[in-house]
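Now for the letters of each chain:
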Amino acid sequence: MARIDVNHIRHSYLPNPRTDADFALKEVHHIFEDGGAYALLGPSGCGKTSLLNIISGLLHPSHGRLLFDGKDVTNLSTQERNIAQVFQFPVIYDTMTVYDNLAFPLRNRGVPEADVDRKVRETLEMIDLASWAKKKARGLTADQKQKISLGRGLVRSDVNAILFDEPLTVIDPHMKWVLRSQLKQLHRRFGYTMVYVTHDQTEALTFADQVVVMYDGGIVQIGTPAELFERPRHTFVGYFIGSPGMNVMPVAIEGKTAMLGAQRIELPGAPKAASGAIELGIRPEYVRLGRDGMAVQVSKIEDLGRHKVVRAKLEGRDIAAVIGEDETVPADPRVRFDPAGINIYADSWRVEMGA
Amino acid sequence: MEKTWNNKAWFLVLPVLVLVAFSAVIPLMTVVNYSVQDTFGNNVFFWAGTEWFEELLSSSRFWEAMVRNLIFSFIILAIEVPLGIFIALNMPKKGWGVPVCLVLMALPLLIPWNVVGTIWQVFGRNDIGLLGYYVNALGIDYNYVQDSFDAWVTVIIMDVWHWTSLVVLLCYAGLVSIPDAFYQAAKIDGASRWAVFRYIQLPKMNRVLLIAVLLRFMDSFMIYTEPFVVTGGGPGNSTTFLSIDLVKTALGQFDLGPAAAMSLVYFLIVLLLSWVFYTVMTNYDAER
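Residues numbered from 1 in each chain as written. Chains lettered and ligands numbered in written order. Predicted model: local features only at pLDDT ≥ 70, side-chain atom pairs only at ≥ 80, totals over all residues. Heavy atoms only, no water.

**Q** Mind showing me how you'd approach the overall build of chain A here?
**A** Looking only at helices and strands, one finds 9 helices and 23 strands in chain A. Its C-alpha atoms give chain A principal-axis dimensions of about 75 × 50 × 35 Å. Among the 355 residues that make up chain A, the fraction classed as buried is 53%. Taking contacts inside chain A between residues at least 6 apart in sequence as the whole, the part at least 24 apart equals 65%. For chain A, the accessible surface area stands at approximately 15500 Å², while carbon and sulfur atoms represent 49% of it. The average position of the 43 basic charges and that of the 44 acidic charges among the side chains of chain A differ by 3 Å. (Helix = DSSP H or I, 4+ residues; strand = E, 2+ residues; numbered from the N terminus. Buried < 20%, exposed > 50% of the residue type's maximum accessible area, 1.4 Å probe, protein only. Contact = heavy atoms within 4.5 Å. Areas by Shrake-Rupley, 256 points an atom, 1.4 Å probe, with all protein chains shown as cover. Lys, Arg positive; Asp, Glu negative; His and termini not counted. Charge placed at Lys NZ, Arg CZ, Asp CG, Glu CD.)

**Q** Explain the overall build of chain B here, please?
**A** Counting secondary structure elements, chain B contains 12 helices and 2 strands. Listing the helices and strands of chain B from first to last along the sequence gives α-β-β-α-α-α-α-α-α-α-α-α-α-α. Computed over its C-alpha atoms, the radius of gyration of chain B comes to 24 Å, more than 25% above the 19 Å expected for a compact globule of 288 residues. When its C-alpha atoms are laid out on the principal axes, chain B stretches across 80 × 75 × 35 Å. Looking at chain B residue by residue over its 288 residues, the buried ones come to 41%. Put simply, 66% of the contacts in chain B that link residues at least 6 apart link residues at least 24 apart. Total accessible area computed for chain B in this model is approximately 16400 Å², and 71% of it derives from carbon and sulfur atoms. Taken together, the 15 basic and 20 acidic charged side chains of chain B have centroids lying 16 Å from each other. (Rg over C-alpha atoms; globule rule 2.2 N^0.38 Å.)

**Q** Can you help me understand the environment of Ala2 of chain A in this one?
**A** Residue and element names in this part refer to chain A. Examined against the element boundaries, Ala2 turns out to sit in the segment before strand E1 (4–11). Its relative accessible area of 0% is what places Ala2 among the buried residues. Along the chain, Ala2 and Ala161 lie 159 residues apart, while their C-alpha atoms are 6.7 Å from each other. When neighbours within four sequence positions are excluded, Ala2 is seen to be in contact with Phe32, Asp34, Phe68, Asp69, Asn160 and Thr193.

**Q** I keep staring at the packing of aromatic side chains and nothing clicks. Help me out?
**A** Geometrically, a pair of aromatic rings is defined through the distance of the ring centres and the angle of the planes. Within this structure, the stated rule accounts for 23 aromatic pairs over all chains. Centroid distance Phe104 of chain A to Tyr199 of chain B: 5.5 Å. Interplanar angle 75°. Geometry classified as edge-to-face. One end of the pair, Phe104 of chain A, is in helix H3 (residues 98–108); the other, Tyr199 of chain B, is in helix H9 (residues 193–221), on a second chain. Ring centres of Phe217 of chain B and Phe221 of chain B lie 5.3 Å apart, and the angle between their planes is 25°; this geometry places the pair in the stacked category. (Phe/Tyr/Trp six-rings, centres within 6.5 Å; stacked < 30°, edge-to-face > 60°.)

**Q** Explain unusual backbone geometry here, please?
**A** Backbone phi values are negative for most residues with the exception of glycine, while trans is the configuration of most peptide bonds. Residue and element names in this part refer to chain A. In this model, Ser243 is joined to Pro244 through a cis peptide bond whose omega is -5°. By the secondary structure assignment, Pro244 is in the loop between helix H9 (235–240) and strand E11 (247–250). Backbone geometry places Glu315, a non-glycine residue, at a positive phi of 55°. Among the secondary structure elements, Glu315 is positioned in the loop between strand E19 (307–314) and strand E20 (317–324). Using a relative accessible area of 37% as the deciding quantity, one classes Glu315 as partly exposed. One non-glycine residue, Ser348, lies in the positive phi region at around 75°. Inspection of the secondary structure puts Ser348 in the loop between strand E22 (342–346) and strand E23 (349–351).

**Q** Explain the interface of chain A and chain B to me, please; I cannot follow it from the model alone.
**A** Accessible area lost when the parts come together is the quantity often used to give the size of an interface. Each side of the interface is counted separately: chain A has 21 residues, and chain B has 19 residues. Both sides of the chain A and chain B interface together cover about 1800 Å² of buried area, and 60% of this is carbon and sulfur. Between chain A and chain B we count 1 salt bridge in total. Of the charged contacts in the structure, one is a salt bridge between Arg152 of chain A and Asp189 of chain B, with a shortest N-O distance of 2.7 Å. Our count for the contact surface shared by chain A and chain B stands at 6 residue pairs in polar contact (both at pLDDT 80 or more). For the side of chain A that touches chain B, the secondary-structure elements that each account for two or more residues are helix H2 (78–81), strand E6 (83–86) and H3 of chain A. (Buried area = accessible area lost by both parts, 1.4 Å probe. Salt bridge = Lys/Arg side-chain N within 4 Å of Asp/Glu carboxyl O. Polar contact = N/O pair within 3.5 Å; in protein donor to acceptor, adjacent residues only side chain to side chain.)

**Q** How do you make sense of the nonpolar core when you look at a structure like this?
**A** A general tendency of soluble globular proteins is for nonpolar side chains to be buried together. Of all hydrophobic cores here, the largest spans 53 residues; its most connected members are Phe62, Ile85, Met205, Phe221 and Leu242 of chain B. Examining the composition of this core, we find that 11 residues originate from one element, H9 of chain B, more than from any other. Once residues within four sequence positions are removed from consideration, Met205 of chain B is found in contact with Ile85, Cys171, Leu175 and Phe197 of chain B. Grouped together as the second largest cluster of nonpolar side chains are 46 residues, Leu102, Leu154, Val159 and Ile171 of chain A included. (Core = buried A, V, L, I, M, F, W, Y, C linked by side-chain atoms within 4.5 Å.)

**Q** When you look at the pattern of salt bridges in this model, what are you seeing that I'm missing?
**A** When the charged atoms of two side chains lie near each other, side chains of opposite charge can form a pair. In this structure the tally under the stated criterion is 24 salt bridges over all chains. Residues Glu302 of chain A and Arg311 of chain A are paired through a salt bridge, measuring 3.2 Å at the closest nitrogen-oxygen approach. Note that Asp159 of chain B is salt-bridged to Arg216 of chain B, the shortest N-O span being 2.7 Å. Of this pair, Asp159 of chain B sits in helix H7 (residues 148–176) while Arg216 of chain B is found in helix H9, placing the two residues 57 residues apart along the sequence. Accessibility classification places Asp159 of chain B together with Arg216 of chain B in one group, the buried group. Each of the salt bridges in this network shares a partner with another, and the network as a whole consists of Asp115, Arg118, Lys119 and Glu122 of chain A.

**Q** Could you clarify how one ought to interpret the domain arrangement of chain A in this entry?
**A** Residues and elements named next belong to chain A. Examined at the domain level, chain A breaks down into domain 1 (4–232) and domain 2 (243–351). Centre-to-centre separation of domain 1 and domain 2, based on C-alpha positions: 38 Å. Counting residues at the interface gives 7 residues for domain 1 and 11 residues for domain 2. Summed over both sides, the interface of domain 1 with domain 2 buries roughly 740 Å², with 44% coming from carbon and sulfur. Together, Phe229, Arg231 and Pro232 form the three largest contributors to the area buried by domain 1 at its contact with domain 2, with a combined 69%. At the boundary of domain 1 and domain 2, one finds 0 salt bridges. Inspection of the domain 1/domain 2 interface yields 7 residue pairs in polar contact (both at pLDDT 80 or more). Of the residues assigned to the side of domain 1 that touches domain 2, the class counts are 4 nonpolar, 1 polar and 2 charged. (Domains from an automatic or database assignment. Nonpolar A, V, L, I, M, F, W, Y, C, P; charged D, E, K, R; others polar.)

Structure, rendered in structure tokens:
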């Protein structure tokens with residue numbers, strides 16, 4: 001296992017990138033700690049797979065360096081980096097048996113057959129396929145195949161990291177749950193450094209200790225699931241994480257008060273040096289619907305079973321609020337914002353608020 | 001949902017049935033008709049029964065042509081399949097090289113059989129042919145008109161030149177359908193170039209290779225035009241393959257009965273061997 005140091009890495013698929021827009025990956029600088037479980041979360045095309053392939057060595061970055069435990073590996077091949085990677089679609093060698101599939105990476109590295117046997121049997125136990133060892137890999141279901149892909153990574157105990165590129169895309173929802181919790185268990189038991197790429201927030205939030213949110217080729221926020229939820233650093237994180245996403249509305253600031261049209265909203269503190277386009281962000285979970293506060297026009301109520309999502313208009317803008325399953329919307333609905341859930345953004349980036 | 005039964009739908013199949021009847025079934029039946037009769041012209045026919053079949057199966061001329069043909073098919077398969085795979089593996093997967101290679105590969109396939117024959121007939125001549133002249137100038141005694149070994153070499157090289165492209169194109173189609181993730185996973189698993197070929201590329205080319213072998217076998221077993229144009233079946237009978245022998249019997253000697261019997265036996269052999277190939281290869285495929 002290793003600490004992965006992504007040092008000012010930029011990547012462009014064009015031969016001569018000029019402007020920032022030419023870069024698929026704009027300046028990523030981050031340290032993945034040894035034994036950490038990370039998720040790279042972001043929409044399609046945000047550069048998360050590029051970053052993953054740069055770490056595994058399938059892609060050579062245009063700029064920057066990559067270090068494993070302080071050792072520069074930027075110019076090393078995938079083999080030399082000793083990385084395991086699981087892809088979106090299960091990759092299996094379908095003319096081989098399940099056993100031979102797992103033995104393949106070891107045999108390629110000239111591991112003695114006795115050790116191969118021991119490691120493969122251990123891994124088969126880990127991924128719960130021991131009874132399938134002698135079967136041809138081609139007849140397996142998608143999730144079993146994906147387990148084999150995973151197993152080929154786990155079987156090499158000395159890997160520096162295990163990388164996952166949206167590994168559960170083709171798996172049934174029920175099996176997703178099972179596989180994800182197995183991954184989590186493996187991580188706890190063996191302490192692999194794991195980096196998991198996904199565009200599914202539930203997957204990211206349940207899998208990772210640290211979620212790296214990427215947007216348009218850069219990292220916008222790194223944090224625990226709770227941090228991403230409570231204090232999104234960028235309005236994109238607010239939209240992308242949470243369902244429904246954060247309400248964001250343009251406001252004017254006057255000391256400790258935000259002005260939204262004719263409404264005045266008390267803030268928990270005065271935003272520091274906010275300039276540019278100022279917006280107020282509040283998650284639907286912090287919007288209190290009741291008989292006092294600002295008047296809204298309710299347009300739709302979605303009953304999701306566990307809770308209801310109320311869609312309404314506040315000062316002509318769409319706003320969503322989450323209310324309990326048993327609560328009802330009053331005849332003259334009004335909303336208040338819970339100060340604990342208010343964030344202020346200047347040009348989309350979060351600004352701190354003083355006391 | 002209720003199923004609608006409507007027998008008028010059969011009329012839609014009718015054109016195909018008519019077409020197949022006229023293009024295959026009726027001609028085949030006339031051949032069957034000839035094969036059991038004897039004629040001396042004037043449309044007078046005598047019943048001959050299995051006479052022609054017995055004569056054919058005991059004739060050394062037929063068996064010699066058959067052995068020659070099997071050897072020929074075996075040799076060209078043994079050259080064209082590995083060579084085709086090798087070329088397909090080395091063709092570019094993207095960029096401007098792809099259309100260039102594909103067009104170059106397709107060219108020999110677009111040339112009519114008899115033109116291919118004529119090209120090689122002239123090319124190999126040792127008086128005016130580019131190949132024949134220079135091979136002789138190098139001190140190698142090469143003359144496909146008089147030496148049967150040279151005739152075989154010429155016919156085989158010609159077939160390889162003409163048909164390897166087919167194997168290449170089929171294999172290439174199999175290769176480009178392999179997702180990148182397989183190669184990336186192989187890299188991560190530390191697979192050697194050979195292991196990538198053996199465990200990723202070959203299994204994916206399996207099906208197209210089956211088709212390539214079948215097509216090439218059937219075609220080479222029925223080969224007529226090219227060797228006929230180049231060597232005319234000679235020197236002696238050394239390059240007289242089954243179809244050349246058949247045409248000599250049917251049109252040269254106008255022995256319709258024996259020729260028809262031979263056609264049928266020939267047809268059954270191709271059918272049988274193709275079936276054997278197919279069964280063996282698909283079984284092998286299923287076992288793995």
